[in-house]
Amino acid sequence: EASKLYYVMGTRLRTMMLCSMFADLRTGEVIALKREDVNFERNYLHIRATMSYGMRKKPKSRAGTRKIDMHPVLRQHLAEILASHSNEFVFISQRGNPFSCRQNFQREYSHARENADARRLRWYGFRNLFASIRLRVLLSAPSLSRWMPR
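Sequence positions are assigned chain by chain, starting from 1 and proceeding in written order. Selection of residues for local features in this predicted model requires a pLDDT of at least 70, selection of side-chain atom pairs for listing and counting requires 80 or more, and totals for whole chains, interfaces and linings are taken over all residues. To get the side-chain values, take all heavy atoms of the structure and skip hydrogens and water.

**What to know about the sheet that holds strand S1 (residues 38–39)**
Within a sheet, neighbouring strands are paired by backbone hydrogen bonds and run either parallel or antiparallel to one another. To keep it simple, the criterion reads: Here, a strand pair is defined by DSSP locating no fewer than two bridges between the strands. Runs of H or I in DSSP of at least four residues are treated as helices and runs of E of at least two as strands, each being numbered from the N terminus.
Read from one edge to the other, the open sheet built from three strands follows the order S1-S2-S5, with strand pairing classed as antiparallel. Every interior strand has two partners, whereas the edge strands, S1 and strand S5 (66–69), have only one. Pairing between strand S2 (residues 44–47) and S5: four bridges, direction antiparallel. Following the sheet pairing, Tyr-44 is matched in S5 by Asp-69.

Encoded structure:
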């Protein structure tokens, strides 16, 4: 279902999905990303905040602050997104404002799910795909816990 969604989503929503899938980011972490958090030179995302109730806050635990290597596909999509606007936040609404919560893009996501006939897949399911992808392809179960924040 995720691959169906990939092809019907717009660039912004698709890149947000890839952040959840390939970087194991929670929704609040995705919408809290700023330009300064994306390091193309060293190829990583620096996760140092989450968006909660309309406020950008530090993660609850030390494990929540982390650097994550960028998957090549995610890197390409992030470069396109950042080239498309000059806002300090990576992901902004169609009106040019940063997202304050998931509900700000929920309507767009619901529409994409209907178009892809993927009604069962919830947004947090993309993050769960990270664990299965890493476990199956790259890592053993014990080392997976290093990637997944508490």
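**Thoughts on the packing of helix H2 (residues 11–23) against helix H5 (residues 103–116)**
Keep this limit in mind: What counts as an axis is a line fitted to C-alpha atoms, over the stretch in contact for a helix, and the angles between N-to-C directions run from 0 to 180 degrees. Reported orientations rely on four angle classes, namely roughly parallel under 35 degrees, roughly antiparallel over 145, roughly perpendicular from 65 to 115, and oblique for the rest. For this analysis, residues touch if any pair of their heavy atoms sits within 4.5 Å. Gly is put with the polar residues, along with every residue not named as nonpolar or charged; the nonpolar set is Ala, Val, Leu, Ile, Met, Phe, Trp, Tyr, Cys and Pro, and the charged set is Asp, Glu, Lys and Arg.
Here H2 crosses H5 at 90 degrees, and the two axes come no closer than 11 Å. On the basis of their axis angle, the class for H2 and H5 is roughly perpendicular. Residues Arg-12, Leu-13 and Met-16 of H2 form the contact with H5, whose participating residues are Phe-105, Glu-108, Tyr-109 and Ala-112. A breakdown of the residues in the contact of H2 with H5 according to their chemical character gives five nonpolar, no polar and two charged.

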